[in-house]
Amino acid sequence: MATRHLAVQILSGTQYLVHPQVVGTLIEQVASSDITPILVLGDDILRGSEDELGNLLKHFKEIDDVYEEEFSHTLVVHPSSIDADTGASASLNRPPGCSTLYNARASSNESRLPPGPYFLRGSSIHQAWRLYTDELDAFTFGVIPDDVFEPKRFQPLTIGSPDGLAKMIAVPSRLYHKVSPEKPFAGARTGLKDIFSIEGVKTTMMSRSYTELFGPDTKNAEYVNKLLSLGVVIVGKTKMTQFASSDEPTDQWIDFHCPVNPRGDQYQSPSGSSSGAAAALAGYQWLDQSIGGDSAGSIRAPATCNGLFSLRPSFGSTSMEGIVVNSQLFDVVGLFSRSLDNLYDMTSKTMNLPAAPVKFPTRIIYPLDFFPHSNAEHQRMVDEFIGVLESFLGTKREEFSIAKRWSQCPPEAAQGKSLKDFLPKSAFWAMCRDYYQGFDEFRSKYRDAYKKEPYVGPVVQYRWGVGKSVTEEDYRTYTNELEIFRTWFNENVFSANPETLSGAIMVMPYGSANPKYRDKPNEPPSYAHTIGEKFISPILQMPQLVLPFGQMPYQSRVSGRLEHRPIASTIVGAKDKPSPFPDLMLIALARAAFKEKSWPTQILTGRYMYPLGNNSRNVASL
């Protein structure tokens with residue numbers, strides 16, 4: 001389907017998109033083709049009292065960022081039923097300032113238009129979508145659906161900001177959507193990482209070569225279809241590192257520019273690879289949720305840097321069909337949220353997971369392989385975080401060394417090797433082989449089409465180089481070593497539990513307390529250790545929940561003032577086939593523990609993750 005012409009209107013200094021789809025028509029014939037803002041209300045609403053109408057319009061203004069008073073100057077009455085009398089409009093109440101009144105036709109297809117702001121073009125009614133400037137450069141592009149009632153195919157939004165310096169993202173009125181059991185996310189504005197296939201628009205992989213070679217996707221990813229069936233409004237594809245690698249700004253972002261981290265001085269790295277998804281949700285109040293993917297930190301790292309709750313779910317918890325993956329061994333869909341309640345709902349309704357159990361684990365494993373932090377203030381914050389978990393669960397942390405436990409009871413297959421010596425390359429080298437072979441078709445087609453090699457940045461070059469060197473025999477060895485470690489861990493550290501789903505939770509670090517300025521040159525790419533914060537949950541196939549809880553002060557060399565960097569820790573739960581996955585248990589536990597200590601479970605957008613407080617975490621209590 002060809003891209004349709006998009007009309008833009010400005011009301012009270014705010015830009016609006018007139019969605020091209022006709023969603024209703026007037027009974028009256030309007031000769032002018034001028035675009036007019038209108039307010040659609042049911043005749044039953046207008047037959048109430050003036051106070052009721054005034055309160056309703058006040059409510060619209062409070063909950064909807066699309067509605068403005070100027071829409072109410074022209075009123076379109078929608079019949080409450082097909083048989084309703086539309087000829088008695090003189091007896092209806094009108095909003096203050098309303099000078100024109102029309103009547104909409106009753107429709108058997110959509111029994112009635114939802115009350116709210118629209119635009120009139122001739123006798124045709126169109127939805128009003130507000131245009132927001134992507135000032136953080138977080139989106140690859142915005143999208144709008146061809147059909148607002150049954151979204152399936154989309155088109156890219158090609159409208160620029162008034163000053164021509166940024167993209168615009170369109171969002172529909174919140175009044176068009178009503179949450180129901182069938183559509184629990186009706187109207188939830190959502191950004192998707194640019195690895196998800198969306199019918200009608202391109203997947204870019206943040207590569208000019210990839211974008212040059214491939215056209216728009218012809219169908220949606222299975223997970224995208226699930227989101228749409230639940231009522232989600234997809235507003236755009238968010239930026240990421242090239243081919244979802246671990247690029248850091250700015251010298252490793254070559255084909256596209258890195259999004260802006262809204263926290264602190266706005267010159268800190270947003271990390272990656274789901275950089276744009278995290279930056280957008282941390283910076284834009286008008287965005288409700290964002291979704292990315294995780295191989296070896298692509299959700300968890302941006303969550304800590306941008307200060308968001310996030311979940312790397314259990315491996316295999318949802319379909320990956322229609323999603324570009326780096327590794328068949330590790331890749332999962334990942335979720336970002338500013339609210340633990342929302343994160344729980346997103347996880348429970350979009351993943352194939354059991355409900356959270358009534359009971360929680362009573363063991364907290366504190367792995368000495370990763371703790372304590374070298375920064376003493378950072379460690380004090382983590383100790384306070386663990387104390388909240390201890391208080392809630394009525395237990396104390398168990399200091400535990402995975403490497404020491406391995407030395408005490410190693411698996412026979414280890415042949416006496418230490419844990420470090422048994423797994424020197426397993427995770428990273430296996431992932432790189434998947435990564436290299438996964439883009440064989442792309443490289444081959446590009447060479448055939450353009451008679452040259454596609455450009456890839458330094459991190460991708462390094463990882464593809466490693467992957468190319470891994471033989472089939474090497475790969476089998478590495479994956480077998482990972483399976484041995486996974487089995488050993490479940491038998492000797494902690495495993496699933498029928499009552500709590502996980503026999504324990506393990507606290508894991510993620511992220512640094514130190515500033516990471518985006519203008520600082522990066523070290524050359526290197527490999528990641530198997531037993532490290534990036535790979536523990538992927539190789540164990542366990543869920544990992546990122547929980548931001550503190551704000552570390554630093555004197556910014558950019559802003560010249562005191563800024564604050566998000567501080568987070570994570571908890572991991574067991575995954576032991578065929579037992580149910582413990583993802584929802586982790587979120588429910590964290591939410592209950594935080595609330596018991598009056599720690600916030602909702603995150604702000606902008607410079608600060610939480611309101612500043614005069615305590616060790618620099619976070620105000622509820």
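Structure first, text after, so check above.
Below, the structure is looked at part by part. (Residues numbered from 1 in each chain as written. Predicted model: local features only at pLDDT ≥ 70, side-chain atom pairs only at ≥ 80, totals over all residues. Heavy atoms only, no water.)

## Brief notes about the side chain of E68
Structurally, E68 is set in the loop between α2 (50–63) and β4 (74–78). We classify E68 as buried; its relative accessible area is 17%. Looking at E68, its side chain comes within polar contact range of the side chain of K61, at 2.8 Å. When near neighbours in sequence (up to four residues on either side) are disregarded, E68 contacts Y16 and K61. (Helix = DSSP H or I, 4+ residues; strand = E, 2+ residues; numbered from the N terminus. Buried < 20%, exposed > 50% of the residue type's maximum accessible area, 1.4 Å probe, protein only. Polar contact = N/O pair within 3.5 Å; in protein donor to acceptor, adjacent residues only side chain to side chain. Contact = heavy atoms within 4.5 Å.)

## Section: helix α11 (residues 426–438)
For α11, with 13 residues, the first-to-last C-alpha span of 18 Å sits near the 18 Å given by 1.5 Å per residue. For α11, a buried count of eleven out of 13 residues is recorded, marking the element as mostly surrounded by other parts of the structure. Along α11, the residues classified as buried are S426, A427, F428, W429, A430, M431, C432, R433, D434, Y435 and Y436. Summarising the contacts, the buried residues of α11 are in contact with α10 (419–422), α12 (440–450), α13 (458–469), α14 (472–492) and α15 (536–540). (Expected span 1.5 Å × (residues − 1).)

## A word on the packing of aromatic side chains
Under the defined criterion, the tally for this structure stands at 39 aromatic pairs. Aromatic side chains Y16 and F71 sit 5.4 Å apart centroid to centroid with 85° between the ring planes, which places their arrangement in the edge-to-face category. With Y16 in strand β2 (residues 14–25) and F71 in the loop between α2 and β4, this pair connects stretches of sequence that are 55 residues apart. A single burial state applies to Y16 and to F71, both of which are buried. Ring centres of F330 and F535 lie 5.7 Å apart, and the angle between their planes is 55°; on these two criteria the pair is classed as tilted. Placement of F330 in the loop between β14 (309–312) and β15 (332–337) and of F535 in the loop between β18 (505–509) and α15 is noted, with a sequence separation of 205 residues between them. This pair shows no difference in class: F330 is buried, exactly as F535 is. Among the aromatic residues, ring-to-ring pairing joins Y210, F214, F243, Y435, F439, F442, Y446, Y450 and W464 into one connected group. (Phe/Tyr/Trp six-rings, centres within 6.5 Å; stacked < 30°, edge-to-face > 60°.)

## Notes on the pattern of salt bridges
In the structure shown here, the tally under the stated rule is 32 salt bridges. Its salt-bridge partner being R189, residue D65 comes within 2.8 Å of it at the nearest N-O pair. Within this pair, whereas D65 is found in the loop between α2 and β4, its partner R189 is found in strand β11 (residues 189–193), the two being separated by 124 residues in sequence. D294 serves as the salt-bridge partner of R312, at 2.8 Å between the closest nitrogen and oxygen. With a gap of 18 residues between them, R312 in strand β14 and D294 in strand β13 (residues 289–294) connect regions that are remote in the sequence. (Salt bridge = Lys/Arg side-chain N within 4 Å of Asp/Glu carboxyl O.)

## Observations regarding the nonpolar core
Generally speaking, a soluble globular protein has its nonpolar side chains buried in company with each other. If you look at the biggest cluster of nonpolar residues, it comprises 80 residues, and the most contacted ones within it are F243 and F385. Considering each element in turn, this core owes the most residues, nine residues, to helix α16 (residues 583–596). Leaving out residues up to four positions away in the same chain, F243 has contacts with M205, S207, Y210, N326, Y435, F439, F442, V456, V460 and W464. (Core = buried A, V, L, I, M, F, W, Y, C linked by side-chain atoms within 4.5 Å.)

## Some details on the packing of helix α7 (residues 340–350) against α16
Interaxial distance between α7 and α16 falls to 10 Å at its minimum, and their mutual angle equals 165°. By the angle between their axes, α7 is roughly antiparallel relative to α16. Regarding α7 and α16, the two cross each other, and that crossing is left-handed. In this structure, α7 uses L340, D341, L343, Y344, T347 and S348 to contact α16, whose residues at the interface are D583, L584, I587, A588, A590, R591, F594 and K595. Taken together, the residues that form the contact of α7 with α16 break down as eight nonpolar, two polar and four charged. (Axes fitted to C-alpha atoms, helices over the stretch in contact; angles between N-to-C directions. Parallel < 35°, antiparallel > 145°, perpendicular 65-115°, else oblique. Left-handed = near helix turned anticlockwise from the far one by under 90°. Nonpolar A, V, L, I, M, F, W, Y, C, P; charged D, E, K, R; others polar.)

## A few points about the sheet that holds β18
On the basis of which strands lie adjacent, the open sheet formed by twelve strands has the order β9-β8-β12-β11-β13-β15-β14-β19-β20-β18-β16-β17 and mixed pairing. Strands at the two margins of the open sheet, each flanked by one partner only, are β9 (154–157) and β17 (397–400). The sheet shows a mean angle of 30° between the axes of neighbouring strands, direction not considered. Across the sheet, helix α5 (residues 275–283) touches β8 (139–145), β12 (233–238), β13 and β15, and the angle it forms with β13 is around 155°. Its contacts with the sheet put helix α8 (residues 376–393) on β16 (364–367), β17, β18, β19 (544–555) and β20 (562–573), and the angle it makes with β19 is roughly 145°. (Pairing = 2+ DSSP bridges.)

## Details of the pairing of strand β6 (residues 116–121)
Burial analysis of β6 places five of its six residues in the buried class, which makes it a mostly covered element. As judged from the six bridges shared by strand β3 (residues 35–42) and β6, these two strands associate in the antiparallel manner. Directly across from I38, in β6, lies its bridge partner Y118. When β6 meets strand β7 (residues 124–133), the two strands line up antiparallel, connected through four bridges. The residue bridging F119 from the neighbouring strand is H126, located in β7.

## Observations concerning unusual backbone geometry
The omega torsion across G272 and S273 is 15°, close enough to zero to call that bond cis. Counting through the fold element by element, S273 comes out in the loop between β12 and α5. The peptide bond linking F371 to P372 adopts the cis configuration, its omega dihedral lying at 0°. Relative to the helices and strands, P372 resides in the loop between β16 and α8.

Worth remembering: the numbers are spatial, not functional.
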